[in-house]
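Residue-level structure breakdown
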Amino acid sequence: MDTTKTADPTAPEADTAEPKATEAKADLKDAPAAGSAEAAEAAEAPEADLTDEDLEDELHDEFDESEKKSEGVGAAASAVVAAGLGLVALSGSWVSRVIAERQTLVGQIESVNAATTEAKIEALYGDAWHMTALVNGVLSTLALLLAVFVLARPAFGAPGRTLPTWVRAVSWAAVALGALGVLLFGLMYFDILAPLPKAA
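Note on numbering: residues in each chain are counted from 1, in written sequence order. Local features in this predicted model are restricted to residues of pLDDT 70 or higher, and side-chain atom pairs are both shown and tallied only at a pLDDT of 80 or more, whereas totals for entire chains, interfaces and linings draw on every residue. To get the side-chain values, take all heavy atoms of the structure and skip hydrogens and water.

So, about the overall build of the chain. Within the chain one finds four helices and zero strands. The way it works is that DSSP assigns letters per residue, a run of H or I at least four long becomes a helix, a run of E at least two long becomes a strand, and they are numbered from the N terminus. Overall, the chain shows an N-to-C arrangement of helices and strands of α-α-α-α. Across the 200 residues in the chain, those meeting the buried criterion constitute 18%. We get accessible surface area from the Shrake-Rupley algorithm with a probe of 1.4 Å; when it comes to residues, only the shown protein chains can shield them. Accessible surface for the chain amounts to roughly 14300 Å². Of this, 65% is attributable to carbon and sulfur atoms. Burial status follows relative accessibility: with a 1.4 Å probe on protein chains alone, a residue under 20% of its type maximum counts as buried, one over 50% as exposed, and anything between as partly exposed.

In structure tokens:
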């Protein structure tokens, strides 16, 4: 006599076993997808939170870089202009020549009424030389002041900012040219260097 028992197909346990197994398989299939979606959201969440701060930092960095470039270009241009002014002043500018020629013409007109020879020399030559020294001395002074401003500008700006080497070199050359011009034309203006000749 066979005593083994077969499972009743209509038993409740048999009915619920298969749906549970299919649900478990479905959960296992959906788990990676859900996990990957959550991981992607978690990875995107910090970026969304830091987006505004990152944009502000990038804009701030770009503004600093543009400000540094503008300051560097201005300093370089000022140094070149200062050196050019110093060189032009020492070699003689067109403005000083025109003013000297005009003063010579005025001196010729005034020399007609000059009583002494020294007065005639002063009117014809002395005033023109003095005007030349004055104009070139003003140009040298401008070159000197501009070069000193370029060299001193970083000390009043943001800490840690320095001028490029070639800008400092050109600025120091402009300082030397300007100082030499101020000294030379000052001595010429006051008749200490190359005074007017005396009449016999």
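This is not the end of the story, as more comes after the structure.
Once that is clear, we can look at the nonpolar core. Joining through side-chain atoms within 4.5 Å is the link that ties buried Ala, Val, Leu, Ile, Met, Phe, Trp, Tyr and Cys residues into a set, and such a set is a nonpolar core. Grouped together as the largest cluster of nonpolar side chains are six residues: Ala75, Ala76, Ala79, Val150, Leu163 and Val167. The residues touching alanine 79, leaving out its near neighbours within four places in the chain, are Val150, Val167, Val170, Ser171 and Ala174. Of all hydrophobic cores here, the second largest spans five residues; its members include Ala82, Ala83, Ala174 and Val175. Contacts are assigned to residue pairs that have any heavy atoms within 4.5 Å of one another.

Bringing helix α3 (residues 117-152) into the picture now. In a helix, the anticipated span is given by 1.5 Å times the number of residues less one. Over its 36 residues, α3 extends 50 Å from the first C-alpha to the last, a length consistent with the 52 Å expected when each residue adds 1.5 Å. Bend angle per residue: angle between axes fitted to the 7 residues ending at that residue and the 7 residues starting there. The largest bend in α3 comes to about 40°, at alanine 123. Pairs of N or O atoms within 3.5 Å make up the polar contacts considered here, provided that, within protein, one atom can donate a hydrogen while the other can accept it, and that residues adjacent in sequence are counted only when both atoms are side-chain atoms. Looking at where α3 begins, the residue whose side-chain oxygen comes 3.3 Å from the main-chain nitrogen of alanine 119 is threonine 116.

Another point: the confidence of the model for the chain. Across the chain, each position has a pLDDT score giving the predictor's confidence in that residue, from 0 to 100. Taken as a whole, the chain shows an average pLDDT of 77; of its residues, 64% reach a score of 70 or greater. Mean pLDDT across the elements of the chain ranges from a minimum in helix α1 (residues 12-91), with 62, to a maximum in helix α4 (residues 165-189), with 95. Across residues 11-17, where pLDDT falls below 50, the model places four contacts with residues more than four positions away in sequence or in other chains.

Here the focus is helix α2 (residues 94-110). Taking 1.5 Å as the rise per residue, α2 with 17 residues should run 24 Å; its terminal C-alpha atoms sit 24 Å apart, in good agreement. Within the sequence span of α2, burial applies to Ser96, Ala100, Gln103 and Gly107. Angularly, the buried residues of α2 cover 65° about the axis, an arc narrow enough to put them on a single face. Set apart from the buried face of α2 by more than 90 degrees, the exposed residues are Trp94, Glu101, Arg102 and Ile109. The elements touched by buried residues of α2 are α3. Directions are taken from the helix axis to each C-beta atom, and the arc is the one they span.

A separate point is a nonpolar patch on the surface. Residues qualify for a patch when their relative accessible area is over 30% and they have no salt bridge, like charges being joined within 9 Å and the nonpolar side chains of Val, Leu, Ile, Met, Phe, Trp and Tyr within 5 Å. Basic side-chain nitrogens of Lys or Arg form a salt bridge, by our definition, when they fall within 4 Å of a carboxyl oxygen of Asp or Glu. A contiguous nonpolar patch, built from Leu134, Val138, Leu142, Tyr189, Phe190 and Ile192 and spanning about 590 Å² of accessible area, is present on the exposed surface. Per element, the largest residue contribution to the nonpolar patch is three residues, and it comes from α3.

Once that is clear, we can look at the packing of α2 against α3. α3 packs onto α2 with a crossing angle of 155° between their chain directions and a minimal axis gap of 8 Å. It follows from the interaxial angle that α2 and α3 lie roughly antiparallel. Classified by chirality, the crossing of α3 by α2 is right-handed. Where α2 abuts α3, its residues Val95, Ser96, Ile99, Ala100, Gln103, Thr104, Gly107, Gln108 and Glu110 lie against Ala123, Leu124, Asp127, Ala128, Met131, Thr132, Val135 and Asn136. Residues are grouped as follows: Ala, Val, Leu, Ile, Met, Phe, Trp, Tyr, Cys and Pro are nonpolar; Asp, Glu, Lys and Arg are charged; every other residue, Gly included, is polar. Class assignment of the residues belonging to the contact of α2 with α3 gives a composition of eight nonpolar, seven polar and two charged. The axes are straight lines fitted to the C-alpha atoms, using for helices just the contacting stretch, and the angles between their N-to-C directions are given from 0 to 180°. The cut-offs work like this: below 35 degrees is roughly parallel, past 145 is roughly antiparallel, 65 to 115 is roughly perpendicular, and the gaps in between are oblique. The hand of a helix crossing depends on one turn: near helix anticlockwise from the far one by less than a right angle means left-handed, and clockwise means right-handed.

Attention now goes to the packing of aromatic side chains. Here is the rule: rings of Phe, Tyr and Trp (six-membered ring for Trp) pair when centre to centre is within 6.5 Å. Planes less than 30 degrees apart are stacked, more than 60 are edge-to-face, and the remainder are tilted. With the rule as written, the count across this model stands at two aromatic pairs. Taking 5.2 Å as the distance between ring centres and 90° as the angle between the ring planes, the aromatic pair formed by tyrosine 189 and phenylalanine 190 counts as edge-to-face. Overall, phenylalanine 190 belongs to the exposed group, its relative accessible area being 60%.

Their axes nearest at 7 Å, the elements α3 and α4 cross at an angle of 150°. Relative to α4, α3 is oriented roughly antiparallel. The crossing of α3 and α4 is left-handed. In terms of residue class, the contact of α3 with α4 is built from 16 nonpolar, eight polar and one charged.

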